[in-house]
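# Reading the structure
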Amino acid sequence: MSENHTRLTPTARLNRWLKNVACAAKARRQAAKKRSLHGVNEHSEPVANAGLASTAVFRLPVKWLVSGPPFIFLLLFFAAPGIIMVLASFRYPGEFGGLAPVIATDPNTLHGFTLETYRFFFSDLIYTEIFAKSFLVALATTLICLVMAYPLALLIARSPKKSRNLMVLLVILPFASNFLIRIYAWMILLGPQAVLSHLVNGLLGAFGMAPVHLLFSSFAVLVAMVYVHLPFMVLPLYTNLEKHDPALLDAARDLGANAWQRFWCVTFPLSLPGIFSGSTLVFIPVLGMFAIPDILGGTGDMLIGNLIKEQFLGTRDWPFGSTLSIMLTIAVLACVWLAARLGGRRKRHA
Amino acid sequence: MRRGDGHRGMGLWAVALAVYAFLYLPLLIVVIYSFNDSRLNAEWVGFTWHWYNVLLHDEDILAAAGNSLFIASVSSLTATLLGTMAGIAMHRYPLKALAFMVMTPVAMPEILLGVSLLLFFIQVLNLTLGMLSIILAHITFSIGFVAIVVRTSLAGLDESLFEAARDCGASPWETFRHITFPLILPSVIAGGLMAFTLSIDDFVITFFTAGVGVSTLPLRIYSMIKIAVTPEVNAVSTLLMLLTLALIVLVSRIAPNVLRWKT
């Protein structure tokens, strides 16, 4: 046994040790579940049987009484609008905005259902380009958030228990301010009279380069995107990192792993589920964002959200707006599916 | 004590402090400039209450604030009722369709809910956009948040309590009335306050469902930012921050678990 141990490399030994711990934990969990199930059956079966006659009459109405109202409300104001939007994407735009009728009184006007808006979407490259750009902005925002959030989450998770809640609260508190106020703050900070602009342009001037506008640029959009979504990355990461057993790091240290190896081979792989859930929480809202490019962006910083807003409130081409919204929905679903798959594969391996 | 830990700890702290500064500095500047005796948010001139005074006499802002409070009150009360029911239903019965409809509005980009409701209100219900459409939209996105909070607190309860109540002869209603409800009440209230905060702060969904007649505080702030930036925006921002801060402190007192991100 000991001979066997000495022949293994430190990482292999650590891996084996980790595997043993994981197996033991899994077995323990399963045993506990079985026990508790037995317990429930043995003790409550007679009671449940006795109560069955009276509760069976009640159970069905109670179930519908409790779940009915929210179910109907959401069916009406969430599911139905969604279905209407799918249908609207297959219709012609109305003469004065809105939708053209399905059944026309005058056969010469556009009516009925069509694939026109989808054909239009794929015929003009500009729409694919805006989608690609939105994906790039969302990806960049997610990566920057990850780089900024990881050290903070790690620090909070390794702080004494007493101070953790306060440190988490300090991350959540900026949430307390209105979303528009947080964007507005960057209007001030990046404005032409602000210190930051003077500093950057002073530096650029010193190197003989032309001054730049920080506000109303892609830079401003990216900064605000990161600013608004950063807490969404910190919280899931912290929740994950907090659960790590410090004994794993001690074991790695005892086996001769240096700080970098301990992070890269132990902490980081274990935190992947946290990274995936944080990334989903950042990536999806950024993909649909219209307010930040609208307020802080220039004319060239249009994203999917701005395009959709323009179709519904500007040009009032509702069928095309619906098509764009459905494309966005598909993109979001694809991301969720991907994150779930990646996260799921991790879990199976662990 | 441990080799290398000192430096690494210092590095982590430095990055963490920088991130905290990144989170707070912009907001601090908004607050500071709300007391600045200058029309520009550029340099400090002197202390003044002037912008708060302007705010108090701005009829548009006051009307918008009134609308916001009314909408938030009505929508959060309704959403609390429906969300609590949904939370209980999801905890007790395997209702996949309900769970899907409750969770999806929380997770998807707000703009999708906004435009689909706009389409629905005008095309199907033939409703003139205004107070009613905003309230209905706010209820729709708030239900999920309340339901999640209530369901989480139900999941944390000890099942043996209910068995004990049953063994003592309590009917299902009595068990709910005397055991379940008092236990989840803090979460229900916290969920309601959360719905209130979300409603008062919502911009995107309100933007699409408000129409032209009714304005809310965020909509008013948006048009102020788009047209002309004056420190009056800073003043209203500061007051709004204080309000939501108070609400968050209240939530954390009533149900500390809600803010600990244990969903």
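Procedures and definitions
- Residues numbered from 1 in each chain as written.
- Chains lettered and ligands numbered in written order.
- Predicted model: local features only at pLDDT ≥ 70, side-chain atom pairs only at ≥ 80, totals over all residues.
- Helix = DSSP H or I, 4+ residues; strand = E, 2+ residues; numbered from the N terminus.
- Buried ≥ 20, exposed ≤ 12 C-beta atoms within 10 Å, placed from the backbone.
- Contact = placed C-beta atoms within 7 Å.
- Expected span 1.5 Å × (residues − 1).
- Nonpolar A, V, L, I, M, F, W, Y, C, P; charged D, E, K, R; others polar.
- Core = buried A, V, L, I, M, F, W, Y, C linked by C-beta atoms within 7 Å.
- Domains from an automatic or database assignment.
- Axes fitted to C-alpha atoms, helices over the stretch in contact; angles between N-to-C directions.
- Parallel < 35°, antiparallel > 145°, perpendicular 65-115°, else oblique.
- Left-handed = near helix turned anticlockwise from the far one by under 90°.
- pLDDT = per-residue confidence, 0-100.

## Let's talk about the overall build of chain B
Across its full length, chain B holds 11 helices and zero strands. When the backbone C-alpha atoms are referred to their principal axes, chain B occupies close to 70 × 70 × 30 Å. Residues counted as buried form 44% of the 263 residues belonging to chain B. Considering only contacts in chain B between residues 6 or more positions apart, those separated by 24 or more positions represent 78%.

## Digging into the overall build of chain A
A tally of regular secondary structure across chain A gives 14 helices and zero strands. When the helices and strands of chain A are placed in sequence order, the string is α-α-α-α-α-α-α-α-α-α-α-α-α-α. Within chain A, buried positions represent 37% of all 350 residues. Within chain A, counting contacts between residues at least 6 apart in sequence, those at least 24 apart form 70% of the total.

## Quick notes on helix α5 (residues 110-124) of chain B
Side chains of residues three or four places apart in an α-helix project in the same direction, reflecting 3.6 residues per turn. All names here are of chain B. Helix length check: α5, at 15 residues, gives a terminal C-alpha distance of 21 Å against a target of 21 Å (1.5 Å per residue), a fit within 8%. Within α5, 12 of the 15 residues are buried, which leaves it mostly tucked inside the rest of the structure. Considered for burial, the residues of α5 that qualify are Glu110, Ile111, Leu112, Leu113, Gly114, Val115, Ser116, Leu117, Leu118, Leu119, Phe120 and Phe121. Looking one or two residues beyond α5, the residue adopting positive phi is asparagine 126, at roughly 55°.

## Side note on helix α7 (residues 195-206) of chain A
Counted at 1.5 Å a residue, the expected span for α7 of chain A with its 12 residues is 16 Å, and the 16 Å between its end C-alpha atoms agrees. Counting buried residues along α7 of chain A, only zero of its 12 residues qualify, which leaves the element largely exposed.

## Some remarks on the interface of chain B and chain A
Counting from both sides, the interface comprises 69 residues of chain B and, opposite them, 74 residues of chain A. The biggest single contributor to the side of chain B that touches chain A is helix α1 (residues 5-33) of chain B, with 14 residues. Grouping the constituent residues of the side of chain B that touches chain A by class yields 55 nonpolar, seven polar and seven charged.

## Overview of unusual backbone geometry
Residues other than glycine seldom take positive phi values, yet arginine 316 of chain A does so here, at roughly 55°. Here arginine 316 of chain A lies in the loop between α13 (304-314) and α14 (318-349).

## Observations regarding the nonpolar core
When a protein is soluble and globular, its nonpolar side chains tend to lie buried together. Residues and elements named next belong to chain A. Ranked by internal contacts, the top residues of the largest apolar core, which has 150 residues, are Ala149, Ala153, Trp186, Ala220, Ala224, Val234 and Leu296. Examining the composition of this core, we find that 15 residues originate from one element, helix α8 (residues 218-242), more than from any other. Looking at which domains feed residues into this core, each of domain 1 (2-83) and domain 2 (125-349) supplies at least three. Among all residues touching alanine 220, those that are not within four sequence positions of it are Trp186, Leu190, Leu214, Leu215, Leu296 and Gly297.

## Considerations on the packing of helix α6 (residues 131-155) of chain B against helix α8 (residues 172-201) of chain B
Residues and elements named next belong to chain B. It is the contact of α6 with α8, at a shortest axis distance of 9 Å, that shows an interaxial angle of 155°. Here α8 runs roughly antiparallel to α6, going by the angle between their axes. Considering how the two elements wind past one another, α6 and α8 form a crossing that is right-handed. Facing His138, Ser142, Phe145, Val146, Val149, Val150, Ser153 and Leu154 of α6, the residues of α8 in contact are Ile184, Ser187, Val188, Ala190, Gly191, Gly192, Met194, Ala195, Leu198 and Ser199.

## Quick word on the environment of alanine 340 of chain A
All names here are of chain A. Note that alanine 340 resides in helix α14. For alanine 340, a count of 13 C-beta atoms within 10 Å corresponds to the partly exposed category. C-alpha of alanine 340 to C-alpha of leucine 87: the two residues are 253 residues apart in sequence and 29 Å apart in space.

## Observations concerning the confidence of the model for chain B
Residue and element names in this part refer to chain B. Of all residues in chain B, 92% have pLDDT values of 70 or greater, and the mean over the chain is 83. At the low end of the mean pLDDT range in chain B sits α1, at 81; at the high end sits helix α9 (residues 204-209), at 91. Complex prediction metrics read pTM 0.79 and ipTM 0.83.

## So, the packing of helix α4 (residues 96-107) of chain B against α6 of chain B
Residue and element names in this part refer to chain B. The geometry of α4 relative to α6 is characterised by a closest axis approach of 8 Å and an angle of 105° between their N-to-C directions. Judged on the interaxial angle alone, α6 and α4 are roughly perpendicular. Across the interface between the two elements, Val102, Met103, Pro105 and Val106 of α4 pack against Thr140, Phe141, Ile143, Gly144, Phe145 and Ala147 of α6. A breakdown of the residues in the contact of α4 with α6 according to their chemical character gives eight nonpolar, two polar and no charged.

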